[in-house]
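Now for the letters of each chain:
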Amino acid sequence: MNVLLANLVLALIWAALTDTMNAGGLVIGFFIAYLVLVLVFRQHPDVRQYRLRVPRMFSFVVFFTKELILANLKVAYDVLTPIHLMKPGVIAMPLRAETDLEITMLANAISLTPGSLSLDVSSDRKVLYVHIMYLHNEEEVMNELKRMETKILRVMR
């Protein structure tokens with residue numbers, strides 16, 4: 001049973017029946033369908049796993065949106081002020097992500113965040129090379145990247 005597909009179909013049905021075929025209607029429909037699936041099929045093993053995945057996904061979206069806004073503000077401030085705070089550098093980030101999908105999701109999330117760019121993955125897929133625009137404290141940057149990796153892995157696994 002593909003629970004995500006069932007959830008999406010029920011969300012579309014909800015949006016169509018309530019005549020709210022927009023982002024808000026789909027989000028509301030998604031959460032109502034999520035509640036229905038979790039309550040009705042709570043004994044199904046796929047639903048038990050899915051029940052945990054959706055809140056983690058929501059948590060990641062909130063986390064990533066916050067990081068995206070803060071990074072945009074930092075870059076905009078640096079561009080608009082006469083004093084540049086940039087200290088670019090490249091760091092090698094050891095990966096806990098193992099599959100191609102996990103590595104791709106992490107690399108894309110890093111590259112979407114202004115001030116950072118995924119450059120390359122080592123041939124053994126154990127290290128991700130990342131260009132950082134503000135590398136004042138390498139340990140702090142590494143901790144932020146590891147936190148992002150942890151949140152992505154919680155959603156993916």
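Please refer to the structure placed before this passage.
Now for a quick tour of the structure. (Residues numbered from 1 in each chain as written. Predicted model: local features only at pLDDT ≥ 70, side-chain atom pairs only at ≥ 80, totals over all residues. Heavy atoms only, no water.)

**Topic: the overall build of the protein chain**
Heads up, the condition is: Secondary structure counts use DSSP, requiring at least four H or I residues in a row for a helix and at least two E residues in a row for a strand, with both numbered from the N terminus. The cut-offs for exposure are 20% and 50% of the maximum accessible area for each residue type, with area from a 1.4 Å probe on protein chains only; residues under the lower value are buried, those over the upper are exposed, and the others partly exposed. When checking whether two residues touch, look at their non-hydrogen atoms; a contact exists if any pair is within 4.5 Å. Only the protein chains shown count as cover for residues, and all accessible areas are computed by the Shrake-Rupley method using a 1.4 Å probe. For the purpose of counting charges, residues Lys and Arg are taken to be positive, whereas Asp and Glu are taken to be negative. His and the chain ends are not included. Charge positions come from single atoms, namely NZ of Lys, CZ of Arg, CG of Asp or CD of Glu.
Of regular secondary structure, the protein chain possesses five helices and three strands. Going from the N terminus to the C terminus, the protein chain shows its helices and strands as α-α-α-β-α-β-β-α. Dimensions of the protein chain, computed from the C-alpha atoms along their principal axes, are close to 55 × 40 × 20 Å. The burial tally for the protein chain puts 32% of its 157 residues in the buried class. Considering only intrachain contacts with a sequence separation of at least 6, the fraction spanning at least 24 residues in the protein chain is 64%. Accessible surface, the protein chain as shown: approximately 9,900 Å² in total, 67% of it carbon and sulfur. With 16 positive and 14 negative side-chain charges, the protein chain shows a spacing of 9 Å between the two charge centroids.

**As for the environment of Leu85**
The topology assignment puts Leu85 in the loop between helix 3 (45-80) and strand 1 (89-94). Residue Leu85 is classed as partly exposed on the basis of its relative accessible area, which comes to 42%. Residues Leu85 and Thr18, 67 residues apart in the sequence, show an inter-C-alpha distance of 51 Å.

**Here we look at the packing of helix 4 (residues 100-112) against helix 5 (residues 138-156)**
Going by this rule: An axis is simply a line fitted to the C-alpha atoms; with a helix, the fit covers only the stretch in contact. Between two such axes, the angle follows the N-to-C directions and lies from 0 to 180 degrees. The cut-offs work like this: below 35 degrees is roughly parallel, past 145 is roughly antiparallel, 65 to 115 is roughly perpendicular, and the gaps in between are oblique. Should the near helix be turned anticlockwise from the far one by less than a right angle, the crossing is left-handed, and should it be turned clockwise, the crossing is right-handed. Under this grouping Gly is polar, as are all residues other than the nonpolar Ala, Val, Leu, Ile, Met, Phe, Trp, Tyr, Cys and Pro and the charged Asp, Glu, Lys and Arg.
It is at 10 Å that the axes of helix 4 and helix 5 come closest, and there the two elements cross at 135°. One element, helix 4, and the other, helix 5, form an angle in the oblique class. The element helix 4 and its partner helix 5 pack so that their crossing is right-handed. For the pair formed by helix 4 and helix 5, the contact residues are Leu101, Glu102, Met105, Leu106, Ala109 and Ile110 on the first element and Leu145, Met148, Glu149, Ile152, Leu153 and Met156 on the second. When its residues are assigned to classes, the contact of helix 4 with helix 5 shows 10 nonpolar, no polar and two charged.

**What about the packing of helix 3 against helix 5?**
At a closest axis distance of 8 Å, the pairing of helix 3 and helix 5 adopts a crossing angle of 155°. If you check the angle between helix 3 and helix 5, you find them roughly antiparallel. Crossing hand, helix 3 versus helix 5: left-handed. For the pair helix 3 and helix 5, contact is made by Arg53, Arg56, Met57, Ser59, Phe60, Phe63, Phe64, Lys66 and Glu67 and by Arg147, Met148, Lys151, Ile152, Arg154, Val155 and Met156, respectively.

**Considering the pairing of strand 3 (residues 127-132)**
As a reminder, the rule being used: Here, a strand pair is defined by DSSP locating no fewer than two bridges between the strands.
Of the two faces of strand 3, the one lined by Leu128, Val130 and Ile132 is fully buried and the one lined by Val127, Tyr129 and His131 carries no buried residue. Summarising the sheet, strand 1 and strand 3 pair through six bridges and their orientation is antiparallel. For Val90, the partnering residue across the bridge sits in strand 3 and is His131. Direction of pairing for strand 2 (residues 116-121) relative to strand 3: antiparallel, over a ladder of five bridges. Looking at the pairing, Val121 lines up with Leu128 of strand 3.

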